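Working through the structure, step by step
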Number of protein chains: 2
Amino acid sequence: MSNISVGIVGYGNLGRGAEISVAANPDMALKAIFSRRSLDHPLHASMEKILDWRDELDVLLLCGGSATDLPEQAPALAEHFHLVDSFDTHARIPEHHAAVDAAALRGGKIAVISTGWDPGLFSLMRVLFEAVLPRGNGHTFWGRGVSQGHSDAVRRIPGVRDARQYTIPSETALARVRSGENPELSTREKHSRLCYVVLEEGADAAAVEDAIVTLPHYFADYDTTVHFVSADELERDHSGLPHGGFVLRSGETGPGHRHLVEFGLQLESNPEFTASVLVACARAALRLARRGESGARTIFDLPIGLLSPHASEDLRRDVL
Amino acid sequence: MSNISVGIVGYGNLGRGAEISVAANPDMALKAIFSRRSLDHPLHASMEKILDWRDELDVLLLCGGSATDLPEQAPALAEHFHLVDSFDTHARIPEHHAAVDAAALRGGKIAVISTGWDPGLFSLMRVLFEAVLPRGNGHTFWGRGVSQGHSDAVRRIPGVRDARQYTIPSETALARVRSGENPELSTREKHSRLCYVVLEEGADAAAVEDAIVTLPHYFADYDTTVHFVSADELERDHSGLPHGGFVLRSGETGPGHRHLVEFGLQLESNPEFTASVLVACARAALRLARRGESGARTIFDLPIGLLSPHASEDLRRDVL
């Protein structure tokens, strides 16, 4: 396969990651970056005229947010382009799938939805692990990494100028799962939360800390530590977007024979790695389309060999 | 899906593991165990009359060895049954694939070859990891576990009555890969070998040890430790068949952003876990067949959702 023409829709952290990832794949060429904002980029193209690109692009990488961008863009574009998205609002995946599937079927296109690493690779591992160890228990741990949603929640607290929140998996809980102990773990036992906070001028540090650690849903069920830092320190030490985590399953086959299956990620850039998964899934989407398939797909539906740039016979000879 | 009727061909360690695994999957029922030996088992059926079972069985699990059983059985049976095998003679996979593919296509059947954990899950991870981190380097480590081939090699040495060989991954080498150092690792640096040996009456221990540690291909390139034990000790402490290992890939996306992806297995029974993978792949084979597909497949060709007993919409809602 050569020269897959790619368009990126949205140019935030994920879109910039997609640009880097497309460049790392010699069978792909980036042709356009669609954004509603004006961009100082030679490939910037107008979002309003995206349908004019129907014959120029093999696949779109949708890099907008799950709150408002993707629920609108994916169903609107799936009739006209093969595409991939990272829709991650878990409760709304069935309705997103239905809307995108209908559009993709109308247009004879393939749309891979909700991919990345979670949802995405982690989801794949959960399904695979349960299939090969049906008598067992699975666990997912996230971190150490920056949670954008929790960072935003801290920023909304009065007196907070800026903040960064790290989700940290419990080494103790991980060790218990790895030992085969098969523990029941509470929310508080699995993860802790660590906040770096820049205060507004004159804000009451104790009141801010109390507001954070008692915030329902986000922090109240966790052990949360708050550190106050200067804006310069936040910028210097906490401007990256690392993330990662672990999917584990411990189970039994014959009597007394326990097994542990584990998948782990340590990512120095969450958006760049997420984009890399989207790009590999885009390759698979095109191959499904060339087989005559259409409709919405998830990573559960993709033969993993189709994500690879290598031919099937080469994978069998060299990697199997 | 309910009531998949399964036949097992071969009743050694892997076949017994398959029996256990089929029992752990409520959508499957074991109907026959084919063996050339006479078995004291209510489901024993004659290998010579296996073709009489064509209408009774949905899928065969081939549980013989790669040296002589599978190269003969898989092409002979793939025309008549959907089947799964664990063929693991790496250099001969392309020819095995071609022979099985031709037979399966003739009969309109699906045959999943060379599955298990390596080849199998490890192969899947190698392909997936390279696809999502093209700028990187992958490493596979095996163990700690019993290598049947190396144990057999020790047993063939004059003066050895019985033996068990463990392959042990180097913690130092693993740590270097996990640190993102991306090391060049020699054979000796990646694994060591540990042998428990029962001597023949009157054998020369020093001569036996020297013959083991200098054995070309099997031990000469490794740091090998030999312990002499009694037959009772070998039976008591080393009768299990544990195995496992790690597939890792370390790579970069944008400048300075490194990522580590890791998959690991710790198995207390290598044959039982291998059989569990075969059984899950058998479910996928049947689903591909029901889509009208035929021919040989590997784990690279299987949408992982098809390995699961759950319906696609349930996986999207509950696991994605």
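Now for a quick tour of the structure.

On to the packing of helix 4 (residues 121-132) of chain A against helix 4 (residues 121-132) of chain B, then. When two helices pack together, their arrangement is given by the angle between the helix axes and the distance between those axes. Closest axis-to-axis distance for the helix 4 of chain A/helix 4 of chain B pair is 14 Å, and the angle between their directions is 170°. One element, helix 4 of chain A, and the other, helix 4 of chain B, form an angle in the roughly antiparallel class. Where helix 4 of chain A abuts helix 4 of chain B, its residues Leu121, Leu124, Met125 and Leu128 of chain A lie against Leu121, Leu124, Met125 and Leu128 of chain B. A per-class count over the contact of helix 4 of chain A with helix 4 of chain B returns eight nonpolar, no polar and no charged.

Summed over all chains, the structure comprises two cavities of 30 Å³ or more. Computed from the structure, the largest cavity encloses a volume of approximately 50 Å³. The wall of the largest cavity is formed by Ile20, Ser21, Ala24 and Ser276 of chain A together with Val132, Leu133, Pro134, Glu252 and Thr253 of chain B. Grouping the amino acids of the lining of the largest cavity by side-chain chemistry returns five nonpolar, three polar and one charged. In this structure, the second largest cavity occupies an estimated 30 Å³ of space. Lining the second largest cavity, in full, are Val132, Leu133, Pro134, Glu252 and Thr253 of chain A together with Ile20, Ser21, Ala24 and Ser276 of chain B. Looking at side-chain class alone, the lining of the second largest cavity contains five nonpolar, three polar and one charged residues.

Residue and element names in this part refer to chain B. Turning to helix 6 (residues 171-178), its buried residues number three or more, namely Ala173, Leu174 and Val177. What you see down the axis of helix 6 is that its buried residues fit within an arc of 100°, all on one side. Along helix 6, the residues that are exposed and aim more than 90 degrees away from the buried face are Glu171 and Thr172. The inward-facing, buried residues of helix 6 contact strand 7 (136-142), strand 9 (160-169), helix 7 (187-190), strand 12 (243-252) and strand 13 (258-267). Sitting at the head of helix 6, Ser170 places a side-chain oxygen 3.3 Å from the backbone nitrogen of Thr172.

The subject of this paragraph is the environment of Val9 of chain B. Residue and element names in this part refer to chain B. Locating Val9 in the fold gives a position in strand 1 (residues 4-9). Put simply, Val9 and Gly305 are 296 residues apart on the chain and 26 Å apart in space, counted from C-alpha to C-alpha. The contacts of Val9, once residues within four sequence positions are left out, are Phe34, Met47, Ile50, Leu60, Leu61, Leu62, Cys63, Gly64 and Gln73.

The next subject is the pairing of strand 10 (residues 191-199) of chain A. All names here are of chain A. Here strand 10 lies mainly inside the structure; seven of its nine residues are buried. Note that strand 9 (residues 160-169) and strand 10 share nine bridges and pair antiparallel. Across the sheet, residue Asp162 finds its bridge partner in strand 10, namely Val198. Across six bridges, strand 10 lies against strand 11 (residues 223-228) in parallel orientation. Bridge pairing links Arg193 to Thr224 in strand 11. With helix 8 (residues 205-213) bridging strand 10 and its parallel neighbour strand 11, the resulting β-α-β unit is right-handed.

Here we take up the sheet that holds strand 13 (residues 258-267) of chain A. Think of a sheet as strands paired side by side through backbone hydrogen bonds, with each pair either parallel or antiparallel. Pairing within the open sheet is antiparallel, and its six strands lie in the order 7(A)-12(A)-13(A)-13(B)-12(B)-7(B). Edge positions in the sheet fall to strand 7 (136-142) of chain A together with strand 7 of chain B, since each of these pairs with one other strand and no more. Each strand axis lies, on average, 5° off the axis of its neighbour in the sheet, ignoring direction. Two strands pair when backbone bridges link them, and strand 12 (residues 243-252) of chain A and strand 13 of chain A are joined in this way by 10 bridges, in the antiparallel orientation. Its bridge partner lying in strand 13 of chain A, Gly244 of chain A is registered against Gln266 of chain A.

Now for the packing of aromatic side chains. Overall, the coordinates contain 10 aromatic pairs over all chains when judged by the stated rule. For the pair Phe34 of chain A and Trp53 of chain A, a centre-to-centre distance of 5.6 Å together with 90° between the ring planes defines the contact as edge-to-face. Of this pair, Phe34 of chain A sits in strand 2 (residues 28-35) while Trp53 of chain A is found in the loop between strand 3 (44-46) and strand 4 (59-62), placing the two residues 19 residues apart along the sequence. Seen in terms of ring centroids, Phe129 of chain A and Phe263 of chain B are 5.9 Å apart; in terms of plane orientation they differ by 45°. Their pairing is tilted. Here Phe263 of chain B lies in strand 13 and Phe129 of chain A lies in helix 4, a pairing that spans two chains. By the ring-pair criterion, three or more aromatic residues cluster together here, those being Trp117, Phe122 and Phe263 of chain A together with Phe129 of chain B. Cation over ring: Arg16 of chain B sits above Tyr11 of chain B, and NZ or CZ is 5.9 Å from the ring centre. Of note, Arg178 of chain B hangs over the ring of Phe246 of chain B, and the distance from its end group to the ring centre comes to 5.2 Å.

Taken together, the contact pairs 63 residues of chain A with 63 residues of chain B. At the junction of chain A and chain B, the tally comes to zero salt bridges. Of all the secondary structure elements, the ones that give two or more residues to the side of chain A that touches chain B are helix 1 (13-23), helix 3 (93-107), helix 4, strand 13, helix 10 (270-290) and helix 11 (312-318) of chain A. The leading source of residues in the side of chain A that touches chain B is helix 4 of chain A, at 11 residues. Here the residues of the side of chain A that touches chain B sort into 32 nonpolar, 19 polar and 12 charged. Looking at chain direction, strand 13 of chain A and strand 13 of chain B are connected through nine bridges and run antiparallel. Bridge pairing links Glu262 of chain A to Gly264 of chain B in strand 13 of chain B.

Definitions and cut-offs
- Residues numbered from 1 in each chain as written.
- Chains lettered and ligands numbered in written order.
- Predicted model: local features only at pLDDT ≥ 70, side-chain atom pairs only at ≥ 80, totals over all residues.
- Heavy atoms only, no water.
- Axes fitted to C-alpha atoms, helices over the stretch in contact; angles between N-to-C directions.
- Helix = DSSP H or I, 4+ residues; strand = E, 2+ residues; numbered from the N terminus.
- Parallel < 35°, antiparallel > 145°, perpendicular 65-115°, else oblique.
- Contact = heavy atoms within 4.5 Å.
- Nonpolar A, V, L, I, M, F, W, Y, C, P; charged D, E, K, R; others polar.
- 1 Å grid on protein atoms, 1.4 Å probe; cavity = no way out; pocket = protein on both sides within 12 Å on 5 of 7 lines; lining within 4 Å.
- Points joined across faces, edges and corners; volume = space filled by probe spheres on them.
- Buried < 20%, exposed > 50% of the residue type's maximum accessible area, 1.4 Å probe, protein only.
- Arc of directions from axis to C-beta.
- Polar contact = N/O pair within 3.5 Å; in protein donor to acceptor, adjacent residues only side chain to side chain.
- Pairing = 2+ DSSP bridges.
- Right-handed = clockwise from strand over helix to strand, strands pointing away.
- Phe/Tyr/Trp six-rings, centres within 6.5 Å; stacked < 30°, edge-to-face > 60°.
- Lys NZ or Arg CZ within 6 Å of the ring centre and 35° of its normal.
- Salt bridge = Lys/Arg side-chain N within 4 Å of Asp/Glu carboxyl O.

Remember that the coordinates give geometry; whether it matters functionally is a separate question.
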